[in-house]
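# Structure at a glance
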Amino acid sequence: MMLSALATIWILHLVATVTPGANTVLVMQVAATGMRSAAARAAAGIAAGSTLWAALAVSGVGALFDAFPDVRTAIQAAGGAYLTWLGGKFCLSARTAPDCGIGRHDRAFRVGLLTNLTNPKAVVFFGSIFAAAFPADPPDWLSGAAILIVLLNALSWYGLVAYLFSREPVRSWYSAHSHRLSAAVGVILGGAGLKLVQQACSEMRP
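A brief look at the structure comes next. Worth saying up front: this structure is predicted, and the values here are computed from it rather than measured.

Criteria and thresholds
- Residues numbered from 1 in each chain as written.
- Predicted model: local features only at pLDDT ≥ 70, side-chain atom pairs only at ≥ 80, totals over all residues.
- Heavy atoms only, no water.
- Helix = DSSP H or I, 4+ residues; strand = E, 2+ residues; numbered from the N terminus.
- Buried < 20%, exposed > 50% of the residue type's maximum accessible area, 1.4 Å probe, protein only.
- Contact = heavy atoms within 4.5 Å.
- Areas by Shrake-Rupley, 256 points an atom, 1.4 Å probe, with all protein chains shown as cover.
- Core = buried A, V, L, I, M, F, W, Y, C linked by side-chain atoms within 4.5 Å.
- Polar contact = N/O pair within 3.5 Å; in protein donor to acceptor, adjacent residues only side chain to side chain.
- Axes fitted to C-alpha atoms, helices over the stretch in contact; angles between N-to-C directions.
- Parallel < 35°, antiparallel > 145°, perpendicular 65-115°, else oblique.
- Left-handed = near helix turned anticlockwise from the far one by under 90°.
- Nonpolar A, V, L, I, M, F, W, Y, C, P; charged D, E, K, R; others polar.
- Expected span 1.5 Å × (residues − 1).
- Arc of directions from axis to C-beta.

## Quick notes on the overall build of the chain
When helices and strands are tallied, the chain shows 9 helices and 0 strands. Tracing the chain from N to C terminus, the helices and strands come up as α-α-α-α-α-α-α-α-α. Evaluated residue by residue, the chain yields a buried proportion of 41% over its 206 residues. Within the chain, contacts between residues separated by at least 24 positions form 86% of all contacts whose residues are at least 6 apart in sequence. For the chain, the exposed area adds up to about 10200 Å²; of that, 69% sits on carbon and sulfur atoms.

## Considering the nonpolar core
One finds L26, V27, V30, L86, F90, Y158 and L189 to be the most contacted residues of the largest nonpolar core, which totals 26 residues. For this core, the secondary-structure elements that each account for two or more residues are α2 (22-32), α3 (36-58), α5 (69-93), α6 (108-117), α8 (140-165) and α9 (168-204). Those residues in contact with V27 that lie beyond four places of it in its chain are A39, A43, I46, Y158, V161 and A162. Listed in part, the 17 residues of the second largest apolar core include L6, W53, F130 and V150.

## Notes on α2
Across the 11 residues of α2, 10 count as buried, placing the element largely inside the fold. Those residues of α2 lying buried are A22, N23, T24, V25, L26, V27, Q29, V30, A31 and A32.

## Considerations on the side chain of T17
Along the chain, T17 falls in helix α1 (residues 2-18). What makes T17 buried here is its relative accessible area of 6%. Here the side chain of T17 touches H13 through a polar contact of 2.7 Å, landing on its backbone oxygen. In contact with T17, other than residues within four places in its own chain, are T24, N153, A154, W157 and Y158.

## Comments concerning the packing of α1 against α8
One can describe the packing of α1 onto α8 by two numbers: an axis separation of 10 Å at closest approach and a directional angle of 30°. Comparing the axis directions of α1 and α8 gives the class roughly parallel. Crossing angle aside, the handedness with which α1 passes α8 is right-handed. Contact residues: M2, L6, I9, W10, H13, L14, T17 and V18 in α1; W141, L142, A145, A146, I149, V150, N153, A154, W157 and Y158 in α8. Tallied by class, residues from the contact of α1 with α8 come to 15 nonpolar, 3 polar and no charged.

## A word on the packing of α3 against α8
Running from amino to carboxyl end, α3 crosses α8 at an angle of 160°, the nearest separation of the two axes being 8 Å. For the element pair α3 / α8, the angle class is roughly antiparallel. Like other packed secondary-structure pairs, α3 and α8 cross with a definite hand, here right-handed. Residues A39, A40, A43, A44, I46, A47, S50, T51, A54, A55 and V58 of α3 lie in contact with α8, whose contacting residues are S143, I147, V150, L151, A154, L155, Y158, G159 and A162. Residue classes in the contact of α3 with α8 are distributed as 16 nonpolar, 4 polar and no charged.

## So, the environment of A32
Looking at the element boundaries, A32 is found in helix α2. Distance in space between the C-alpha atoms of A32 and P169 is 9.7 Å, their sequence separation being 137 residues.

## Side note on α1
Compared with an ideal rise of 1.5 Å per residue, which puts 17 residues at 24 Å, α1 spans 24 Å between its outermost C-alpha atoms and is within 8% of the ideal. When we look at burial in α1, the residues that qualify are A5, L6, I9, H13 and T17. Angular distribution of buried residues about the axis of α1 spans 95°; they occupy a single face of the element.

This is how it looks when you write it as structure tokens:
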């Protein structure tokens, strides 16, 4: 029963993780610019964000968001604004020298973390898969094991993306198309941010 619950969480979270989104796009872009260490830091930041969301879901924050939807909406609007700003940085970098749009290497972890934490709906996702897989009164060790699975899934996938896209063939191809790719990444991130802001604004309307 317990092993089945953990296997379900592992599969559902892995599928959600490998599905292309803002997190994967960010790591791809940073790695392809040749900043392998920065890409690794960004991947670690994203994994930390996933782990935090999972821990919050286990602690019942999803229920808190349901009870106080205005809090979730405000966080969603702020997250959307951040993603829109980050997308704008990528678009601006497309007009200059090839860059990943995040600046210094030591900012990569923070950018990865914030990119993951910008969507409070993640806690709803984690709450849903935990509710579907967990028994009615799960032991503490099961919750801890599930959070660990989320961390390992995220580290494995985003670390793999960072490694593959920092390889020389990919970097060579990237250098020839860097401006267009930076613009495309900016549009993807900015579009995701604007969608979050739009959803938040629609939920604020009476």
